[in-house]
Amino acid sequence: MSVVGADMDGNGLAELAVGSRVGGLHVKEYKSDKLWEKFMGAEVTQVAMADLTGDDKLELIAGSKNFYLLAADVEGNILWNCNVGEAILDLAVGDIDGDGKPEIVVGTEGGMVRAIDAAGNITSTFKVGDNVTAVALGDLNGDGTMQIVAGADDGYVY
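A quick note: this is a predicted structure, and the numbers were derived from the prediction, not measured. (Residues numbered from 1 in each chain as written. Predicted model: local features only at pLDDT ≥ 70, side-chain atom pairs only at ≥ 80, totals over all residues. Heavy atoms only, no water.)

Engineer: Describe the overall build of the protein chain, naming the residues involved and giving the relevant values.
Structural biologist: A tally of regular secondary structure across the protein chain gives 0 helices and 14 strands. For the protein chain, the succession of helices and strands along the chain, N to C, is β-β-β-β-β-β-β-β-β-β-β-β-β-β. For 158 residues, the compact-globule estimate of 2.2 N^0.38 gives 15 Å, and the protein chain sits close to it at 15 Å. Its C-alpha atoms put the protein chain at 45 × 35 × 25 Å along the principal axes. Looking at the protein chain residue by residue over its 158 residues, the buried ones come to 46%. Put simply, 32% of the contacts in the protein chain that link residues at least 6 apart link residues at least 24 apart. Of the accessible surface of the protein chain, which amounts to about 7500 Å², a share of 50% is contributed by carbon and sulfur atoms. Distance from the positive charge centre (10 side chains) to the negative charge centre (26 side chains) of the protein chain: 8 Å. (Helix = DSSP H or I, 4+ residues; strand = E, 2+ residues; numbered from the N terminus. Rg over C-alpha atoms; globule rule 2.2 N^0.38 Å. Buried < 20%, exposed > 50% of the residue type's maximum accessible area, 1.4 Å probe, protein only. Contact = heavy atoms within 4.5 Å. Areas by Shrake-Rupley, 256 points an atom, 1.4 Å probe, with all protein chains shown as cover. Lys, Arg positive; Asp, Glu negative; His and termini not counted. Charge placed at Lys NZ, Arg CZ, Asp CG, Glu CD.)

Given below as C-alpha coordinates:
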(Lines give C-alpha, C1' and ligand atoms only; values in the text may rest on other atoms or scores of the structure.)
Protein backbone atom coordinates (compact mmCIF):
# COMPACT_ATOMS: atom_id res chain seq x y z
CA MET A 1 0.00 0.00 0.00
CA SER A 2 1.17 3.50 -0.78
CA VAL A 3 -0.29 6.92 0.02
CA VAL A 4 0.45 10.41 -1.28
CA GLY A 5 -1.31 13.72 -0.78
CA ALA A 6 -1.01 17.12 -2.49
CA ASP A 7 -3.21 19.75 -4.09
CA MET A 8 -3.47 18.37 -7.64
CA ASP A 9 -5.86 20.95 -9.07
CA GLY A 10 -4.78 24.13 -7.29
CA ASN A 11 -8.02 24.70 -5.34
CA GLY A 12 -6.32 24.78 -1.95
CA LEU A 13 -7.48 21.30 -0.87
CA ALA A 14 -5.25 18.25 -1.02
CA GLU A 15 -6.18 15.21 -3.02
CA LEU A 16 -5.21 11.97 -1.30
CA ALA A 17 -4.25 9.00 -3.45
CA VAL A 18 -4.06 5.48 -2.07
CA GLY A 19 -2.82 2.40 -3.87
CA SER A 20 -4.00 -0.87 -2.36
CA ARG A 21 -2.64 -4.39 -2.15
CA VAL A 22 -5.59 -5.69 -4.20
CA GLY A 23 -4.98 -3.33 -7.13
CA GLY A 24 -7.22 -0.41 -6.31
CA LEU A 25 -6.15 3.16 -6.96
CA HIS A 26 -8.36 5.57 -5.01
CA VAL A 27 -8.29 9.37 -5.17
CA LYS A 28 -10.26 11.59 -2.82
CA GLU A 29 -10.19 15.30 -2.14
CA TYR A 30 -9.65 16.14 1.52
CA LYS A 31 -12.96 16.30 3.43
CA SER A 32 -15.10 15.51 0.41
CA ASP A 33 -16.41 12.53 -1.54
CA LYS A 34 -14.17 10.19 -3.46
CA LEU A 35 -13.21 11.69 -6.81
CA TRP A 36 -12.39 8.49 -8.67
CA GLU A 37 -10.95 5.02 -8.51
CA LYS A 38 -9.32 2.65 -10.96
CA PHE A 39 -8.35 -0.99 -10.81
CA MET A 40 -4.76 -1.67 -11.90
CA GLY A 41 -5.02 -5.46 -11.87
CA ALA A 42 -2.36 -6.09 -9.23
CA GLU A 43 -0.97 -4.56 -6.05
CA VAL A 44 -0.32 -0.82 -6.41
CA THR A 45 3.14 -0.60 -4.91
CA GLN A 46 3.86 3.14 -5.13
CA VAL A 47 2.08 6.41 -5.85
CA ALA A 48 3.53 9.89 -6.37
CA MET A 49 2.45 13.27 -7.72
CA ALA A 50 4.30 15.60 -10.09
CA ASP A 51 3.53 18.12 -12.84
CA LEU A 52 4.15 15.94 -15.90
CA THR A 53 2.35 18.15 -18.44
CA GLY A 54 3.74 21.59 -17.58
CA ASP A 55 0.31 23.02 -16.74
CA ASP A 56 1.16 23.79 -13.08
CA LYS A 57 -1.21 21.02 -11.94
CA LEU A 58 -0.07 17.75 -10.45
CA GLU A 59 -0.66 14.40 -12.07
CA LEU A 60 -0.85 11.11 -10.20
CA ILE A 61 1.77 8.47 -10.98
CA ALA A 62 1.15 4.88 -9.89
CA GLY A 63 3.27 1.76 -10.21
CA SER A 64 2.05 -1.79 -9.76
CA LYS A 65 3.13 -5.39 -9.61
CA ASN A 66 1.54 -6.09 -13.01
CA PHE A 67 4.47 -4.23 -14.65
CA TYR A 68 2.51 -1.04 -15.38
CA LEU A 69 3.26 2.56 -14.54
CA LEU A 70 0.44 4.99 -15.24
CA ALA A 71 -0.15 8.71 -15.09
CA ALA A 72 -3.58 10.25 -14.52
CA ASP A 73 -4.95 13.75 -14.11
CA VAL A 74 -7.05 14.96 -11.19
CA GLU A 75 -10.25 13.86 -12.96
CA GLY A 76 -9.00 10.29 -13.34
CA ASN A 77 -8.25 10.49 -17.06
CA ILE A 78 -5.36 8.18 -17.89
CA LEU A 79 -2.69 10.21 -19.67
CA TRP A 80 -0.50 7.20 -20.45
CA ASN A 81 0.55 3.82 -19.17
CA CYS A 82 3.89 2.14 -19.67
CA ASN A 83 4.81 -1.53 -19.36
CA VAL A 84 8.25 -1.60 -17.70
CA GLY A 85 8.64 -5.37 -18.05
CA GLU A 86 8.80 -6.34 -14.37
CA ALA A 87 6.85 -5.72 -11.16
CA ILE A 88 7.45 -2.18 -9.88
CA LEU A 89 8.66 -2.13 -6.28
CA ASP A 90 9.53 1.55 -5.84
CA LEU A 91 9.57 4.83 -7.74
CA ALA A 92 10.97 8.33 -7.47
CA VAL A 93 10.27 11.47 -9.49
CA GLY A 94 12.69 14.26 -10.43
CA ASP A 95 14.47 15.96 -13.31
CA ILE A 96 17.39 13.60 -13.95
CA ASP A 97 18.39 14.87 -17.40
CA GLY A 98 18.31 18.61 -16.71
CA ASP A 99 15.61 19.45 -19.27
CA GLY A 100 13.28 21.03 -16.70
CA LYS A 101 10.74 18.17 -16.95
CA PRO A 102 10.38 15.39 -14.40
CA GLU A 103 11.27 11.80 -15.11
CA ILE A 104 9.98 8.80 -13.18
CA VAL A 105 12.55 6.27 -12.05
CA VAL A 106 11.30 2.81 -11.13
CA GLY A 107 12.99 -0.09 -9.38
CA THR A 108 11.71 -3.52 -10.31
CA GLU A 109 11.46 -7.05 -9.05
CA GLY A 110 13.74 -8.18 -11.88
CA GLY A 111 16.65 -6.03 -10.73
CA MET A 112 16.09 -3.30 -13.30
CA VAL A 113 16.12 0.47 -12.84
CA ARG A 114 14.27 2.30 -15.60
CA ALA A 115 13.78 6.00 -16.30
CA ILE A 116 10.52 7.05 -17.93
CA ASP A 117 10.00 10.55 -19.34
CA ALA A 118 6.97 12.75 -18.61
CA ALA A 119 5.24 11.38 -21.74
CA GLY A 120 5.51 7.75 -20.59
CA ASN A 121 8.47 6.60 -22.71
CA ILE A 122 11.29 4.49 -21.27
CA THR A 123 14.46 6.51 -21.85
CA SER A 124 17.10 4.47 -20.04
CA THR A 125 17.59 1.19 -18.23
CA PHE A 126 20.29 -0.37 -16.11
CA LYS A 127 20.51 -3.71 -14.32
CA VAL A 128 21.59 -4.19 -10.73
CA GLY A 129 22.22 -7.37 -8.77
CA ASP A 130 18.78 -8.20 -7.39
CA ASN A 131 15.25 -6.90 -6.80
CA VAL A 132 15.35 -3.10 -6.54
CA THR A 133 13.36 -2.32 -3.40
CA ALA A 134 14.26 1.38 -3.11
CA VAL A 135 15.14 4.20 -5.50
CA ALA A 136 16.06 7.78 -4.68
CA LEU A 137 17.23 10.82 -6.62
CA GLY A 138 19.63 13.51 -5.52
CA ASP A 139 22.63 15.60 -6.49
CA LEU A 140 25.18 13.43 -4.72
CA ASN A 141 28.36 14.96 -6.12
CA GLY A 142 27.38 18.65 -6.21
CA ASP A 143 27.52 18.96 -10.01
CA GLY A 144 23.97 20.35 -10.28
CA THR A 145 22.46 17.20 -11.80
CA MET A 146 20.46 14.42 -10.18
CA GLN A 147 21.92 10.98 -9.73
CA ILE A 148 19.95 7.77 -9.23
CA VAL A 149 20.51 5.61 -6.16
CA ALA A 150 19.07 2.11 -6.06
CA GLY A 151 18.96 -0.28 -3.10
CA ALA A 152 18.59 -3.95 -3.87
CA ASP A 153 17.75 -7.18 -2.06
CA ASP A 154 21.35 -8.35 -2.48
CA GLY A 155 22.34 -5.81 0.19
CA TYR A 156 24.07 -3.40 -2.17
CA VAL A 157 23.36 0.23 -3.01
CA TYR A 158 23.95 1.10 -6.67
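Engineer: Run through the sheet that holds strand β11 (residues 112-116), naming residues and quoting values.
Structural biologist: Read across the sheet, 4 strands follow the order β9-β10-β11-β12 without closing on themselves; strand pairing throughout is antiparallel. Among the strands making up the open sheet, the edge pair consists of β9 (88-94) and β12 (122-127). Averaged over all adjacent pairs, the angle separating strand axes in this sheet is 20 degrees, with direction ignored. As paired elements, strand β10 (residues 103-108) and β11 share 4 bridges and run antiparallel to each other. Within the sheet, the bridge partner assigned to isoleucine 104 lies in β11 and is isoleucine 116. (Pairing = 2+ DSSP bridges. Axes fitted to C-alpha atoms, helices over the stretch in contact; angles between N-to-C directions.)

Engineer: I'd like to hear about the sheet that holds strand β2 (residues 15-19), residue by residue, with values.
Structural biologist: If you trace the 4 strands from one edge of the open sheet to the other, you get β1-β2-β3-β4, paired in antiparallel fashion. For this open sheet the edge positions go to β1 (2-6) and β4 (34-39), each flanked by a neighbour on one side alone. Each neighbouring strand pair of the sheet contributes to a mean axis angle of 10 degrees, computed without reference to strand direction. As defined by bridge partners, strand β3 (residues 24-29) adjoins β4 across 5 bridges and the pair is classed as antiparallel. Counterpart to histidine 26 in the pairing with β4 is glutamate 37.

Engineer: Quick rundown of a nonpolar patch on the surface? Include the residues and the values.
Structural biologist: A cluster of nonpolar residues, Leu13, Leu16 and Tyr30, forms a patch on the protein surface that exposes about 260 Å² of accessible area. Within the secondary structure, leucine 13 sits in the loop between β1 and β2. Classification of leucine 13 by relative accessible area gives partly exposed; the value is 36%. (Patch = residues over 30% accessible without salt bridge, like charges linked within 9 Å, V, L, I, M, F, W, Y side chains within 5 Å. Salt bridge = Lys/Arg side-chain N within 4 Å of Asp/Glu carboxyl O.)

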